[in-house]
Structure formats: structure tokens, C-alpha cells
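# Examining the three-dimensional arrangement
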Amino acid sequence: MYGMVNNAIEELIRSQFGDEAWEKIKDEADLDYEIFIRNDPYPDKVTYDLVSAASRVLDVPAGDLLFAFGEYWVLETARRGYGDLMQAGGKNLPDFLTNLPSFHTRVVMIFPKLQPPTFSVTDRTDHSLQVHYETNRPGLTLFAKGLLSGLAKMFKTDAKITLVEEKEKGADHDVFLVDWSTQ
């Protein structure tokens, strides 16, 4: 993953738990990096180690941290780093989600070594849709759910996000139902 991901984890930890917590997490993760260079790729293991260490140090389940990081990524990191691309993605939540494949195509042009997940939308109605999430990185389902939650917040849409198919339970990939009719 690129350094910007690890930078965002650091920003989230520092903003919600303080500088001392971040230093403890770095020690616990046994990092060899003093700083992360935003546009440089790092082994995925570094990011996974940060999340695991944060879970232990903060006594917060890793899934809760991943969900919070997904929201943070959309509401803070992506808005700052991809502001124009985010605005061009759609004027509302369903349009943005439908346009996610185009968004990632543009981001890959900026970061050629990026291995983004694949998102697609099916079963779109006036009040719901299904988001298909495919990745070669295990354990990030709750991060993806956090992304979807962050997007709903960004578009000021009260939405219920339900995992309806889960790769870790035998499905081909994760599928989320995003429903804004019951809110």
C-alpha cells in the first residue's frame, strides 16, 4: 500500500487517541520507518501490522478500527488528496457508488503501482443498491463498510449498510446492500 494509507492511519490515531498512543503503536508494530513517504509503496504487512498493534495498544477490536479508518479515509484523506476526483464522481451517493470503477481508473493513473479493490453496483433501485467489493487483500471487509458509511455521510444520506455476502464465509466476494429507504 502507498505511504498515504499509513499516513492516514497515523493521522486518525493521533487525532483520536493522541501522539503518545501513536508512538506506542509504532513501537508495538516494530516499525523501521520514522515517516511514511506519501507517494511511495510499502509492503501490505506494514499496514496490517499497524492495525494489529493499534488494536492491542488501544484495546479496540481491529474491525472497529478498520471501520473507523474507512470513514476517515473518505471524510478526511480522500477529500484532501482527491478533492476534484471526488467531486467529479457524482452528485449523490448512488451515482458516486455507480461511478467508483471510473474513480479508481483515474487514481491508478496517478499511482501506477496501486492495486485498488474493484467495486461494482447491481440491483439499483430508487432507494437501494448492492455494492460488490473485490480485493486480493484479506480482512478488509469492515474497512470497505467504513468507506461506504463515510460516503453516505459525505453525501448527507442516512443509509443502512448491510453485508449480505461475505468472502470470508465462502462467497466469491463481499456484497453490501446500501439502503436509504428506511432511514
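Residues numbered from 1 in each chain as written. Predicted model: local features only at pLDDT ≥ 70, side-chain atom pairs only at ≥ 80, totals over all residues. Heavy atoms only, no water.

## Concerning the sheet that holds strand β1 (residues 118–122)
Threshold: Any two strands with at least two DSSP-identified bridges between them are counted as paired. Only runs of H or I of at least four residues qualify as helices and only runs of E of at least two qualify as strands under DSSP, and these elements are numbered from the N terminus. Every axis corresponds to a line fitted to the C-alpha atoms, with the helix fit spanning only the stretch in contact, and the corresponding angles, defined between N-to-C directions, vary from 0 to 180 degrees. Contacts are residue-level and defined by heavy atoms, with any inter-residue pair within 4.5 Å sufficient.
Taken together, four strands build an open sheet; the order of strands is β1-β2-β4-β3 and the sheet is antiparallel. Since the sheet does not close on itself, it has two edges, and those belong to β1 and β3 (160–165), each with one partner. Strand after strand, the sheet turns through a mean of 25° between neighbouring axes, direction not considered. One ladder, built from five bridges, connects β3 with strand β4 (residues 174–179); its direction is antiparallel. Bridged to L163 within β4 is F176. Across the sheet, helix α8 (residues 141–154) is in contact with β1, β2 (128–134), β3 and β4; its angle to β4 comes to roughly 25°.

## Digging into the packing of aromatic side chains
The following threshold applies: Pairing of aromatic side chains here covers Phe, Tyr and the six-membered ring of Trp, requires ring centres within 6.5 Å, and sorts the geometry by plane angle: under 30 degrees stacked, over 60 edge-to-face, intermediate tilted. Think of it in three bands: with a 1.4 Å probe and only protein chains considered, a residue is buried below 20% of the maximum accessible area for its type, exposed above 50%, and partly exposed in between.
In this structure the tally under the stated criterion is seven aromatic pairs. Aromatic side chains F96 and F155 sit 5.6 Å apart centroid to centroid with 50° between the ring planes, which places their arrangement in the tilted category. Of this pair, F96 sits in helix α6 (residues 93–98) while F155 sits in the loop between α8 and β3, and the two are 59 residues apart along the sequence. On the basis of relative accessible area, F96 is assigned to the buried category, the value being 2%. Residue F155 is classed as buried on the basis of its relative accessible area, which comes to 18%. Three or more aromatic residues joined by ring pairs make a cluster, and in this case those are Y33, F36 and Y42.

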